[in-house]
Amino acid sequence: MSFARVRALVVVGVLAVAAVVFVVVALVRDTQGGAIAGGGCPKGSVLANVTLPDDPQQVTVKVYNGTDQPGLADNVTNEFKNRRFQTQKPAENNKKVDGVAVMRYGPDAVGSAWLLRAYFLNQADPQYNPKRKGAVVDVVIGSQFQQLATTTEVNQSLVELGEPQTPPGACPAPDKKDS
């Protein structure tokens, strides 16, 4: 064996030993081993499902017409059906809405509402109610609504929105995938 080959093997061996020592030291000195993100939930907090749905079929939407335009809730419901959302029978809203839309949801639908916000390009007014039960998101279409976002616009909007945020007074529920 030549001197150059022996020298190369020695260098590689020293680097391998240094890497093993570095990993062992990092694992031994790790101070975050038992840490929980957020430091736990305050007493009386509601557990909110902040998991962003992987598929629109995991989201149930009920559309209300908050305008004077007849049949708008039916049209938007059909648009959501075409995009593979679960839908409930559309209805008329008692009060008219001036904005693009209003989204009403509870702790079980935080992640679903986050996804739906992207379909309105984050122009819908989110209204979280910690006492609301069920995973249905009510969407009240307003007078400034024009159309749902395209797939590309939804993806761009989701990037801008980032990960779903826990509403005030709530704590993230444990992820069901981890259980």
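Refer to the preceding data block for the structure.
The present account deals with the structure reproduced in this document. Keep in mind the model is a prediction, meaning the values are calculated, not measured.

## Digging into helix α2 (residues 72-82)
Alright, step 1. Taken together, the buried positions of α2 are L72, A73, V76, T77 and F80. When α2 is viewed along its axis, its buried side chains cluster within an angular range of 130° and face the same direction.
Alright, step 2. Close packing links the buried residues of α2 with β2 (60-65), β3 (86-87), β4 (91-92), α3 (110-119) and β7 (136-141).
Alright, step 3. One or two steps after α2, the chain reaches R84, where phi turns positive at roughly 75°.

## Some words on the environment of G162
Alright, step 1. Tracing the backbone shows G162 in the loop between α4 (151-161) and β8 (170-172).
Alright, step 2. By relative accessible area, which is 29% here, G162 ends up partly exposed.
Alright, step 3. Spatially, the C-alpha atoms of G162 and L47 are 20 Å apart, while their sequence positions differ by 115 residues.

## Remarks on the pairing of strand β6 (residues 125-128)
Alright, step 1. The pairing of strand β5 (residues 101-105) with β6 spans four bridges and is classified as parallel. Note that in β6 the partner of Y105 across the bridge is Y128.
Alright, step 2. Handedness of the crossover is the feature at issue here: the chain leaves β5, passes through α3, returns alongside β6, and the resulting connection is right-handed.

What counts and what doesn't
- Here, residues in each chain are numbered from 1, in the same order as that chain's written sequence.
- Only residues with pLDDT of at least 70 are given local features in this predicted model, and only at 80 or more are side-chain atom pairs given and counted; all residues enter the totals for whole chains, interfaces and linings.
- The side-chain numbers reported here are obtained from all heavy atoms of the structure, hydrogens and water having been left aside.
- Exposure categories follow from relative accessible area, calculated using a 1.4 Å probe and restricted to protein chains: below 20% of the type maximum is buried, above 50% is exposed, and the middle band is partly exposed.
- Secondary structure elements are defined from DSSP: runs of H or I of at least 4 residues count as helices, runs of E of at least 2 residues count as strands, and each element is numbered from the N terminus.
- The arc under discussion is defined with respect to the helix axis, by the directions toward the C-beta atoms.
- Between two residues, a contact is recorded if the distance between any of their heavy atoms is within 4.5 Å.
- Each pair of strands is called paired provided DSSP finds at least two bridges between the two strands.
- Looking down the strands as they point away from the viewer, one classifies a crossover as right-handed if the path from the first strand across the helix to the second runs clockwise.

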